[in-house]
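# Coordinate inspection notes
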Amino acid sequence: MNYTEQEIERLAGFYEDQLLKDTVPFWFPRSYDSEHGGFLLMRDHDGSLIDDDKAVWIQGRATWLLATLYNTVEKKQEWLDGAKLGYEFLINHCFDTDGQMFFHVTRNGSPIRKRRYFFSETFAVIALAAYAKATVSEQIAEKARNIFGKCIEYATIPGLLQPKFTSIRPSKGIGVPMIMINTAQQLRDTIGDSRCDGWIDKWINEIENDFVKDDIKCVMEQVAPDGNIIDHIDGRTLNPGHAMEGAWFILHEAKYRDNDPKLIALGCRMLDYMWERGWDKEYGGILYYRDIYNKPVQEYWHDMKFWWPHNEAIIATLLAYTITGAEKYARWHKMVHDYAYGHFHDENHSEWFGYLHRDGTIAQPAKGNLFKGPFHLPRQEWYCMQLLKSIERK
């Protein structure tokens with residue numbers, strides 16, 4: 001199948017309506033914490049609050065979303081004011097005295113947990129960069145660039161964020177080069193940074209050389225430091241949705257570079273391999289974990305359907321289709337779009353449920369927790385809306 005011009009127009013309108021009339025209104029303005037700053041995002045299916053703790057990842061992600069909506073959709077004062085709440089909370093409460101960020105804080109910003117990786121920092125970078133653009137603040141832009149510099153150090157200096165214990169089975173994960181590619185892309189697109197292009201090249205090369213295994217047609221989640229497969233249960237575990245997210249980051253870069261054919265080929269290979277590995281041929285949807293040799297995996301939720309892999313697959317397939325025109329990507333996009341909006345979307349209270357059993361029934365109804373909040377879904381709807389509208393304008 002291929003999408004007609006009318007279907008492209010209809011899809012663009014669908015994503016816009018879902019984003020602005022369904023997803024964003026579920027979260028805002030009810031989640032603005034006018035007393036302590038930031039956002040109250042731990043919410044049940046109906047939007048009622050189930051916990052007032054704050055996940056630092058999602059404070060940054062929500063700040064990015066609101067500032068991005070202000071920058072690209074409408075100069076809505078409510079969104080800018082909300083982004084300010086998030087920015088001030090991040091700066092005032094989410095950094096430890098050593099400069100590293102917390103992972104989990106109380107409502108008033110008292111620290112609960114800190115982790116040995118730096119994803120809180122990457123989400124702070126994109127949040128501050130988007131807010132700096134919205135406020136035309138070079139001071140905030142410099143803060144974003146400085147934190148990006150720290151992220152580069154964390155990503156490249158061995159042991160900087162690790163405990164003193166050294167494992168006899170060292171590994172590295174695809175998550176670091178992936179998240180740094182997207183962080184650099186966001187920084188470049190909002191406030192600019194001369195370091196971005198060079199580092200993006202290095203991280204894409206690392207993914208291609210060490211994580212993409214063309215001989216067995218998969219994208220590894222973790223490998224040995226030299227890129228070899230670790231033939232143990234954790235080393236064999238694949239996360240198809242995560243790899244598809246990496247695929248669309250690379251396809252986005254290809255599009256930015258005038259449809260670079262090498263990057264298109266790499267992104268499409270990653271998507272092809274992990275669609276084949278991840279799509280549930282019995283029930284539909286994206287399986288959470290797979291083993292490269294189809295052996296059992298460690299995690300008991302391996303066959304569940306989580307919301308965010310479907311968001312990433314929707315973007316990846318649509319982007320691949322718009323770049324290549326290949327019929328299979330339109331077909332895959334329709335498959336994952338129809339499955340996701342047919343199973344995750346809550347028609348009664350809006351937004352998406354986060355967790356389904358393999359057969360598509362709801363595992364638990366909460367819409368916000370330490371990991372789920374206003375990011376993957378609204379980012380997907382915003383990105384697809386922007387992508388399709390750019391096609392309409394041609």
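For the structure, check the block above.
Residues numbered from 1 in each chain as written. Predicted model: local features only at pLDDT ≥ 70, side-chain atom pairs only at ≥ 80, totals over all residues. Heavy atoms only, no water.

On inspection of all chains with the given rule, the structure shows 35 salt bridges. The residue K389 makes a salt bridge to E16 at a minimum N-O spacing of 3.1 Å. Within this pair, whereas K389 is found in helix α12 (residues 376–392), its partner E16 is found in helix α1 (residues 5–27), the two being separated by 373 residues in sequence. A salt bridge links D197 to R188, with the nearest nitrogen and oxygen atoms 2.8 Å apart. Judged by its relative accessible area of 36%, D197 falls in the partly exposed class. Each of R188, D189, D197, D201, E253 and R257 takes part in one network of salt bridges that share partners. (Salt bridge = Lys/Arg side-chain N within 4 Å of Asp/Glu carboxyl O. Helix = DSSP H or I, 4+ residues; strand = E, 2+ residues; numbered from the N terminus. Buried < 20%, exposed > 50% of the residue type's maximum accessible area, 1.4 Å probe, protein only.)

Right, let's talk about the nonpolar core for a bit. One finds Y15, F28 and F148 to be the most contacted residues of the largest nonpolar core, which totals 134 residues. Counting residues per element, this core draws most heavily on helix α4 (residues 119–135), at 12 residues. Discounting chain neighbours no more than four positions away, the residues touching F148 are V125, M180, T183, A184, L187, D193, R195, C196 and W203. (Core = buried A, V, L, I, M, F, W, Y, C linked by side-chain atoms within 4.5 Å. Contact = heavy atoms within 4.5 Å.)

Moving on to the packing of aromatic side chains. One pass over the full model with this rule turns up 39 aromatic pairs. Geometrically, the ring pair formed by Y15 and Y341 is tilted, given 6.4 Å between the ring centres and 50° between the ring planes. Of this pair, Y15 sits in helix α1 while Y341 sits in helix α11 (residues 327–343), and the two are 326 residues apart along the sequence. Taken individually, Y15 and Y341 each receive the classification buried, so the pair is uniform in this respect. (Phe/Tyr/Trp six-rings, centres within 6.5 Å; stacked < 30°, edge-to-face > 60°.)

Moving on, we come to unusual backbone geometry. Look at the link from F28 to P29: it is a cis peptide, with omega at 15°. Position of P29 among the secondary structure elements: in the loop between α1 and β1 (42–43). The residue K217 is not glycine, and still its phi comes out positive at about 55°. Tracing the backbone shows K217 in the loop between β7 (212–213) and β8 (218–219).

Here we have three strands laid out as an open sheet, ordered β3-β4-β5, and antiparallel in their pairing. Lying at the two open borders of the sheet, with one neighbouring strand each, are β3 (54–55) and β5 (111–113). (Pairing = 2+ DSSP bridges.)

With that settled, the discussion passes to the state of the cysteines. Counted according to the given criterion, the structure contains zero disulfides. Unpaired in this structure, C94 has its nearest cysteine sulfur neighbour in C151, at a distance of 14 Å. The thiol of C151 is not disulfide-bonded; the next cysteine sulfur, from C196, is found 11 Å away. Looking at C151, the relative accessible area reads 0%, which means it is buried. (Disulfide = S-S within 2.5 Å.)

This part covers the sheet that holds strand β14 (residues 362–364). With respect to topology, three strands assemble into an open sheet ordered β12-β13-β14, the strand pairing being antiparallel. The open sheet is flanked by β12 (305–306) and β14, the only strands paired with a single partner. For β12 and strand β13 (residues 355–356), the ladder comprises two bridges, and the chain directions are antiparallel. Of the residues in β13, the one forming a bridge with K305 is L356.

Taking 1.5 Å per residue as the helical rise, helix α10 (residues 307–324) with its 18 residues ought to reach 26 Å, and the 26 Å between its terminal C-alpha atoms agrees with that figure. Burial of α10 is extensive: 16 of the 18 residues sit out of reach of the surface. Where α10 ends, the next residue or the one after it, G325, has phi of about 75°, a positive value. (Expected span 1.5 Å × (residues − 1).)

Purely geometric numbers; function is a separate question.
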